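Okay, here's what each chain looks like letter by letter:
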Amino acid sequence: MLKVLYDGWPLMAAPDSPASLHLLELLAAQPAGIAPALALPDAPPADLPAGLEIHVRHTPLTPTGARRWLQRALPDFQRQSQAALLHTTQSAAPLLAAGPVVISPCGFGPEERPPSGFSARLGAALGAGGFSRAHILWPNDTTPPATIQPARSLSPAVPAVFHPPHKGQRPPFDLPEDYILCHVPAAPAMLDRVLSAWSWAHGPLGADSPLVLLGLDAYGRAYAETILKSEDMESSVRVLPPTAPAEAAAVYRGCSALFHPAGPGGWCSPVRLALACSKPVIGPNRPDLAELVGPAGFLIEENDARHLGGGVIAVLVKDAVRRELEEKAAARAALWQPTAFAQALAGVYLSLV
């Protein structure tokens, strides 16, 4: 049996992030011959796959804790567990790893909020050094950014919990029947872009069809709520608290569309999760986003707030347009096979030992 140690930091620090959701996908996809071990900075969350070897080192979820976890705890765990490989879904790795490191990047690169404070900047610098030495995986239906090439291409997949909704299923958090979902990095420039576009859409749509912001950390929630109060848009936007993966999936399944004025991201990106749930994607017509969504995207040529807001209105009020996009999203996601992903993942692991 080949033992692989997985970095569980995202499960605790940001449970509704793409990095956390992709980690659950990796843990569920284990093919025969792979023995998974999971390193966690706190007690295990509920609903983890059975049969995991669990290692816990209590670590504060702070920038200093994140740096110590990545640079000290993970190499220690890899040695102690005698794991042949370390696999992380963070866009960083130990500078002095105890063996080969595999990374499935899940972030948005320069569109994310840059680290602030000495400890965070030091952690980012050390993590970038480790990243440069790691083996990078990327979904084979999109082109990886130049900053992370070369990369090994694998068949894409998403967690099984992301699937089209059952009839009569209600979304969590008392969300209404119609709402637009937005799941983007908590960077001020990104939130400004989102809420500026929404300022053009919320009047015609009304409070019964709100914008729902998912996945924001404490900083992002505070920043968004300040803007909403100053712009008198509090009644038309819901800012969700940190959300467990199963609840995040239910939020996706219940939405009318995903509003995504950003790049496509890496593994388990919001765009890919929306397509898996047969949801249209509204965003700017940029080559990297168009490559992933294909005909399931309602992409706006004029990348400004007014036209993006108009795209949101068009998809929400034109039922025929929405239904056609939903069908194309389902066809797009049908190409992603969990078995092919698991087999390709095993092949990468075996090639590195």
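Up top is the structure these notes are about.
What this report covers is the structure whose coordinates are included nearby. Owing to the predicted nature of the structure, the values given are computational and were not obtained by experimental measurement.

Right, let's talk about the nonpolar core for a bit. By size, the foremost hydrophobic cluster in this structure holds 32 residues, and its most contacted members are Ile180, Leu195, Trp198, Leu211 and Leu213. Counting only elements with at least two residues in this core, the list comes to strand E8 (180-182), helix H5 (188-205), strand E9 (211-213), helix H6 (218-230), strand E11 (257-259) and helix H10 (305-317). The element best represented in this core is H5, accounting for eight residues. Apart from residues lying up to four places away in sequence, Trp198 is in contact with Ile180, Leu205, Ser209, Pro210, Leu211, Met233, Ser236, Val237 and Val312.

In this section: the packing of H5 against H10. Relative to each other, H5 and H10 sit at 40°, their axes nearing to 7 Å. With respect to H10, the element H5 is oriented oblique. Two packed elements cross with a definite hand, and for H5 against H10 that hand is right-handed. Every residue of H10 that contacts H5 at Ser196, Ala197, Trp198, Trp200, Ala201, Pro204 and Leu205 is listed here: Ala305, Arg306, Leu308, Gly309, Val312, Ile313, Leu316 and Val317. In the contact of H5 with H10, the residues fall into twelve nonpolar, two polar and one charged.

Parameters and conventions
Counting from 1, residues in each chain are numbered in the order their sequence is written. Per-residue local features of the predicted model are confined to residues with pLDDT of at least 70, and side-chain atom pairs are confined, for both listing and counting, to 80 or more; whole-chain, interface and lining totals are unaffected and use all residues. Side-chain measures were taken over the full set of non-hydrogen atoms in the model, leaving aside hydrogen atoms and water. In this description, a nonpolar core means a group of buried Ala, Val, Leu, Ile, Met, Phe, Trp, Tyr and Cys residues linked to one another through side-chain atoms lying within 4.5 Å. Exposed residues in this analysis have more than 50% of their type's maximum accessible area, buried residues have under 20%, and partly exposed residues fall in between, with area computed by a 1.4 Å probe over protein chains only. Only DSSP runs of H or I covering at least 4 residues are called helices, and only runs of E covering at least 2 are called strands; the numbering of each starts at the N terminus. In this description, contact between two residues means that some pair of their heavy atoms is separated by no more than 4.5 Å. For helices, the axis comes from a line fit to the C-alpha atoms of the stretch in contact; other axes are also lines fit to C-alpha atoms, and the angle between any two N-to-C directions lies between 0 and 180 degrees. Just so you know how the angles are binned, under 35 degrees is roughly parallel, over 145 roughly antiparallel, 65 to 115 roughly perpendicular, and the rest oblique. Left-handed is the label given to a crossing in which the near helix is rotated counterclockwise from the far helix by less than a right angle, and right-handed is the label when the rotation is clockwise. Residue polarity is assigned by list, with Asp, Glu, Lys and Arg as charged and Ala, Val, Leu, Ile, Met, Phe, Trp, Tyr, Cys and Pro as nonpolar; anything else, Gly included, falls into the polar class.

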